[in-house]
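These are the residues of each chain, in order.
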2 protein chains.
Amino acid sequence: MKLTLLSSTLKADFDIIEKEMELAIQSEMGLLQKASVQLLKAGGKRIRPVFVLLSAKFGTYNIQSIKNTAVALELIHMASLVHDDVIDDAQLRRGQPTINYIWDERIAMYTGDYILARSLEYMTNIHNALAHQILSNAIIEVCMGEIDQIKDKYRFNQNLRDYFRRIKRKTALLIAVSCQLGAVSAGADEKIHRKLYKFGYFIGMSYQIIDDILDFTGSEKELGKPAGEDLRQGNITLPVLYAMKNETLRPSILKVNEHTTNEEMVDIISAIKNSGAIEKAYSVSRMYLKKAITVLDELPPIKAKKILRDIAFYIGKRKY
Amino acid sequence: MKLTLLSSTLKADFDIIEKEMELAIQSEMGLLQKASVQLLKAGGKRIRPVFVLLSAKFGTYNIQSIKNTAVALELIHMASLVHDDVIDDAQLRRGQPTINYIWDERIAMYTGDYILARSLEYMTNIHNALAHQILSNAIIEVCMGEIDQIKDKYRFNQNLRDYFRRIKRKTALLIAVSCQLGAVSAGADEKIHRKLYKFGYFIGMSYQIIDDILDFTGSEKELGKPAGEDLRQGNITLPVLYAMKNETLRPSILKVNEHTTNEEMVDIISAIKNSGAIEKAYSVSRMYLKKAITVLDELPPIKAKKILRDIAFYIGKRKY
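A quick note: this is a predicted structure, and the numbers were derived from the prediction, not measured.

### So, the overall build of chain A
Alright, step 1. Regarding its fold elements, chain A presents 16 helices and two strands.
Alright, step 2. Taking 20 Å as the expected radius of gyration for a compact globule of 320 residues, we find that chain A reaches 19 Å, a close match to that expectation.
Alright, step 3. Principal-axis analysis of the C-alpha atoms places the extent of chain A at approximately 55 × 50 × 35 Å.
Alright, step 4. For chain A, the proportion of its 320 residues judged to be buried stands at 60%.
Alright, step 5. Nonlocal contacts in chain A, meaning residues at least 24 apart in sequence, comprise 75% of its contacts between residues at least 6 apart.
Alright, step 6. For chain A, the accessible area works out to roughly 12900 Å², and carbon and sulfur atoms hold 51% of it.
Alright, step 7. Taken together, the 45 basic and 38 acidic charged side chains of chain A have centroids lying 7 Å from each other.

See below:
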């Protein structure tokens, strides 16, 4: 997250969350501690906590009660990343070696479990039944999204609906829930927190589509992993689905597997970029962004609304 | 669990839990549904739900509110079994093929996550902050126990303390918490639920030691997996730790690894059985059982107390 978008008070609250995250993963077990710190170091944009803070502004904002929600959500996200890297056999995450790469798959599995368990501990401090229901449902959906992803790997005959359902579960839902739960934890009206959920959902869809585009248009340095890695790992994303509609291009995409060489990938990436598939994917991302802004416009005119709008456009234009 | 130990009303309540477990794992995802049903079919003794029901009798017993606690605990246990089987590369669990064997490690990983997430959903229905704290702490400890187990595999120079800490986290804690949470959910006094925790802890230690003994003394049919499999997988249990004190036996144990043949295992198992290590392990198990009975004696004289006592002795004498 580009922190310049936030006001100085919000920045201070963001630091509270960041410190709490460090506390959250502390463990008397050396290995677990090292593995979790490795993950925390890899950083990430922390967009979920930022959305929690901002959406809480639509209710009675209190950083001490909001922080539990923010930390719980970011920990759930971190846990899913660890298990995701196991599935993808990923060696790098944001330029840092993954836990499964440094140690092994099994350590990674339990580090994920442990971080998820830590998130439950934070949830314990949230005294709101609705928040608990939303959170546990979100974890179930995230798990189903991960299983979708395994099932759909290298399944080249999947359709757009499969893709959208997968990214909803994988990404959009947790962002939607972050936007909703800040408001719920701050006691905002149902009308408000439902709109924030929708805003987060649309932003999340837009965000993931751009992420999937960047896998083709980003450099290895920007991505922290080689370009085209998603495709090589069998993750069929929106640009790939569009590119496969091109009958000349389709056969070479169908041949991709984990043994496809870097040289072959360079050719395929360049062909996908020249097929118009990237532009089509961008236009879907923009469509979601537009829907997000439309929902946002219906919310009360507070300062946080302006920041959410800035973040939405920032996400729409991000390069990595 | 030998259901003849339970009264007919308790049996009816037990059936409610069993049906709820079936509902709990239902999923619109075919694969997930199949994997979870596979696990449920493998059954198990369901001792955690039974302990929840019985300990709830020390408070204001209401099956509808208790059942959430019982189901949540059994689901946590099931999730840990799935991940456990991945770690152990187990092909069979209670005579049924494991999820990692039928599908693969990755599907098993997310089935475990999914079942854990389902347990959170049940926890959502428990409106008691103390119960939530106890449960989330228990999940953290179970994860740490699993990581302990990975770290301690084939580490032949570990000591008794390592073993006891591991089985506490791996088994005893969740049984302790089952006994405690039934009472907590039924609004029993702190004095009562703390004693029930202790009772469960001692029973759990006794139970796991016997489990570790049966790995040597049980038949393949009784165990649902070959005898000596724990040792072959590098899990150093109490009988092994005692057998290693025998200088003649020690070198052949140190040589065990996952490639040790069935014939070699038969010799080692027989040597361990003749070393007196099994009897020593049994006496520790009995010591824990005695402690459990002593704590139980301090509880009010209700009918459930008698059943808990019967279960304790049943566990002490179980053959598989």
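Picking up where we left off.
### A few points about the environment of N137(B)
Alright, step 1. Following the sequence through the fold, N137(B) ends up in helix α7 (residues 129-151).
Alright, step 2. Remark: the alpha-carbon pair of N137(B) and V177(B), spanning 40 residues in sequence, is separated by 9.9 Å.

### Section: the interface of chain A and chain B
Alright, step 1. On the chain B side, the residues contacting the 40 residues of chain A number 40 residues.
Alright, step 2. At the boundary of chain A with chain B, total buried surface from both sides reaches about 3800 Å², with 73% on carbon and sulfur atoms.
Alright, step 3. Where chain A touches chain B, the interface holds zero salt bridges.
Alright, step 4. Of all the secondary-structure elements, those providing two or more residues to the side of chain A that touches chain B are α2 (30-41), α4 (63-87), α6 (105-124) and α7 (129-151) of chain A.
Alright, step 5. For the side of chain A that touches chain B, the leading source of residues is α6(A), giving 14 residues.
Alright, step 6. Here the residues of the side of chain A that touches chain B sort into 19 nonpolar, nine polar and 12 charged.

### Quick look at the pattern of salt bridges
Alright, step 1. If you walk through the whole model with that rule in mind, you get 32 salt bridges over all chains.
Alright, step 2. Among the ionic pairs, R169(B) bridges to D148(B), the shortest N-O distance being 2.8 Å. In this pair, R169(B) sits in helix α8 (residues 160-185) while D148(B) sits in helix α7, placing the two residues 21 residues apart along the sequence. Each member of the pair, R169(B) together with D148(B), is buried.
Alright, step 3. We note a salt bridge from R309(B) to D297(B), for which the minimum N-O separation is 3.2 Å. Of this pair, R309(B) sits in helix α16 (residues 303-317) while D297(B) is found in helix α15 (residues 277-297), placing the two residues 12 residues apart along the sequence.
Alright, step 4. A relative accessible area of 31% means that R309(B) is categorised as partly exposed.
Alright, step 5. Judged by its relative accessible area of 46%, D297(B) is partly exposed.
Alright, step 6. Look at the salt bridges and you will find they share partners, linking E141(A), D148(A), R165(A) and R169(A) into a network.

### So, the packing of aromatic side chains
Residue and element names in this part refer to chain A.
Alright, step 1. Overall, the coordinates contain 10 aromatic pairs over all chains when judged by the stated rule.
Alright, step 2. Among the aromatic residues, ring-to-ring pairing joins Y163, F164, Y201, F202 and Y288 into one connected group.
Alright, step 3. When the ring centre of Y61 is taken as origin, the NZ or CZ atom of K57, which lies over that ring, is 3.8 Å away.

### Examining the packing of helix α6 (residues 105-124) of chain B against α7(B)
Residues and elements named next belong to chain B.
Alright, step 1. One can describe the packing of α6 onto α7 by two numbers: an axis separation of 11 Å at closest approach and a directional angle of 170°. Comparing their axes, α7 and α6 come out roughly antiparallel. Counted together, L116, M123 and T124 of α6 and H132, L135, S136 and I139 of α7 form the full contact between these two elements.
Alright, step 2. For the contact of α6 with α7, the residue count by class is four nonpolar, three polar and no charged.

### Some words on the side chain of T237(A)
All names here are of chain A.
Alright, step 1. Here T237 is to be found in the loop between α11 (229-232) and α12 (238-243).
Alright, step 2. For T237, a relative accessible area of 5% corresponds to the buried category.
Alright, step 3. Among residues more than four places away in sequence, those in contact with T237 are Y163, D212 and F216.

### Considering the relation of the copies chain A and chain B
Alright, step 1. Expressed as a screw transformation, the operator carrying chain A onto chain B has a rotation angle of 180° and an axial translation of 0.0 Å, and the superposed copies differ by an RMSD of 0.0 Å. Given the turn and translation reported, the copies of this chain are related as if by a two-fold rotation axis.
Alright, step 2. The overlap is high: 100% of the interface residues of chain A also sit at the interface in chain B, so the same surface is used on both sides.

### As for helix α2 (residues 30-41) of chain B
Alright, step 1. The end-to-end C-alpha separation of α2(B) is 16 Å, in line with the 16 Å expected for 12 residues at 1.5 Å each.
Alright, step 2. When we look at burial in α2(B), the residues that qualify are L31(B), L32(B), A35(B), S36(B), Q38(B), L39(B) and L40(B).

### Let's talk about helix α4 (residues 63-87) of chain B
Residue and element names in this part refer to chain B.
Alright, step 1. The end-to-end C-alpha distance of α4 is 36 Å, a good match for the 36 Å that 25 residues give at a rise of 1.5 Å each.
Alright, step 2. In terms of burial, α4 is largely enclosed, as 23 of its 25 residues are buried.
Alright, step 3. The opening residue of α4, the one whose side-chain oxygen lies 2.9 Å from the backbone nitrogen of Q64, is N62.
Alright, step 4. Remark: D89 follows α4 within two positions and exhibits a positive phi of approximately 50°.

### Quick word on unusual backbone geometry
Working note: non-glycine residues mostly have negative phi, and peptide bonds are mostly trans.
All names here are of chain A.
Alright, step 1. Although it is not a glycine, Y154 adopts a positive phi angle of roughly 55°.
Alright, step 2. Mapping Y154 onto the fold places it in the loop between α7 and α8 (160-185).
Alright, step 3. With a relative accessible area of 27%, Y154 lands in the partly exposed category.

### Side note on the environment of T124(B)
Alright, step 1. Relative to the elements of secondary structure, T124(B) occurs in helix α6.
Alright, step 2. Here the alpha-carbon distance between T124(B) and T69(B), two residues 55 residues apart in the chain, equals 9.9 Å.
Alright, step 3. Excluding its chain neighbours within four sequence positions, the residues that come into contact with T124(B) are A129(A), H132(A), Q133(A), S136(A) and H132(B).

Conventions adopted
Residues numbered from 1 in each chain as written. Chains lettered and ligands numbered in written order. Predicted model: local features only at pLDDT ≥ 70, side-chain atom pairs only at ≥ 80, totals over all residues. Heavy atoms only, no water. Helix = DSSP H or I, 4+ residues; strand = E, 2+ residues; numbered from the N terminus. Rg over C-alpha atoms; globule rule 2.2 N^0.38 Å. Buried < 20%, exposed > 50% of the residue type's maximum accessible area, 1.4 Å probe, protein only. Contact = heavy atoms within 4.5 Å. Areas by Shrake-Rupley, 256 points an atom, 1.4 Å probe, with all protein chains shown as cover. Lys, Arg positive; Asp, Glu negative; His and termini not counted. Charge placed at Lys NZ, Arg CZ, Asp CG, Glu CD. Buried area = accessible area lost by both parts, 1.4 Å probe. Salt bridge = Lys/Arg side-chain N within 4 Å of Asp/Glu carboxyl O. Nonpolar A, V, L, I, M, F, W, Y, C, P; charged D, E, K, R; others polar. Phe/Tyr/Trp six-rings, centres within 6.5 Å; stacked < 30°, edge-to-face > 60°. Lys NZ or Arg CZ within 6 Å of the ring centre and 35° of its normal. Axes fitted to C-alpha atoms, helices over the stretch in contact; angles between N-to-C directions. Parallel < 35°, antiparallel > 145°, perpendicular 65-115°, else oblique. Least-squares fit on C-alpha atoms with pLDDT ≥ 70 in both. Expected span 1.5 Å × (residues − 1). Polar contact = N/O pair within 3.5 Å; in protein donor to acceptor, adjacent residues only side chain to side chain.

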